[in-house]
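# Per-entry structural report
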Amino acid sequence: VQSSILVSDSSYKSQIENAYFKLSQIKLNIMTKLLGKSLISIRDIREEIQEDRKQIVKLRDQVKKSLHVINQLLESEKDQEFIVEVRRLYSDITEGMKGFLAYLYRTTQEDCDSPPCDYVVIGLGSMALQQITPYSDLEFAILTENDAYRKSSDAKVKHYFTVLSHLVNFRVINLGETIIPTSK
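Now for a quick tour of the structure.

About the criteria used
Residues numbered from 1 in each chain as written. Predicted model: local features only at pLDDT ≥ 70, side-chain atom pairs only at ≥ 80, totals over all residues. Heavy atoms only, no water. Phe/Tyr/Trp six-rings, centres within 6.5 Å; stacked < 30°, edge-to-face > 60°. Helix = DSSP H or I, 4+ residues; strand = E, 2+ residues; numbered from the N terminus. Lys NZ or Arg CZ within 6 Å of the ring centre and 35° of its normal. Polar contact = N/O pair within 3.5 Å; in protein donor to acceptor, adjacent residues only side chain to side chain. Contact = heavy atoms within 4.5 Å. Expected span 1.5 Å × (residues − 1). Buried < 20%, exposed > 50% of the residue type's maximum accessible area, 1.4 Å probe, protein only.

What follows is about the packing of aromatic side chains. Per the counting criterion, the structure on display carries four aromatic pairs. Here the aromatic rings of Tyr119 and Phe161 are separated by 4.9 Å at their centres, their planes lie at 70°, and the arrangement is edge-to-face. With a gap of 42 residues between them, Tyr119 in strand S1 (residues 119-123) and Phe161 in helix H5 (residues 155-173) connect regions that are remote in the sequence. The lysine or arginine in question, Arg171, covers the ring of Tyr103, its NZ or CZ lying 5.6 Å from the ring centre.

Within the secondary structure, Arg60 is located in helix H2 (residues 42-75). Looking at Arg60, its side chain comes within polar contact range of the main-chain oxygen of Pro134, at 2.8 Å. Those residues in contact with Arg60, other than ones at most four positions away along the chain, are Pro134, Tyr135 and Glu177.

This brings us to helix H3 (residues 79-109). In an α-helix there are 3.6 residues to a turn, and that puts residues three or four apart on one side. Over its 31 residues, H3 extends 45 Å from the first C-alpha to the last, a length consistent with the 45 Å expected when each residue adds 1.5 Å. Within H3, burial applies to Leu89, Ile93, Thr94, Met97, Phe100, Leu101, Tyr103, Leu104, Tyr105, Thr107 and Thr108.

What follows concerns the environment of Lys58. Inspection of the secondary structure assignment puts Lys58 in helix H2. Here Lys58 falls in the exposed class, since its relative accessible area comes to 53%. When the C-alpha positions of Lys58 and Gly96 are compared, they lie 9.7 Å apart, and in sequence the two are 38 residues distant.

Laid out in structure tokens, this is it:
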């Protein structure tokens, strides 16, 4: 029995390493084709994924603690305190998810060149309504400050935010919680 566990564990580790390798190849392709850069390693991808997961798990753990307090208030029928804590929780989650999205963009931007103009990323949907949970999808838009960017005929300038968004989306997928449809 013990030897089959070791084989299974070894097989699992091999599958994980293979997954990291494939992910690094995808990111390498994205960066090479869209940015003309190719400096990425399996270790870099692994560390990036682990750090991203750590960030979201930290937020989720904070929410679990708050839910415990909220459940106690609900059971003790302290309605006003319950309402205040629920509102605070949604506000805290929204701020945490905004911070997570900002973290993804800030750290992803480090892989890209400097942005062609100032920009801001805004949350949409449940984030904008302050109804987001740490398991919600991330809906967002990028607003640029520079009119010249929108009117520019320079393909590289127009492409920058598409590439940045693709790389951020890649990182969200790497959290391992995105359902990716397949077709035949």
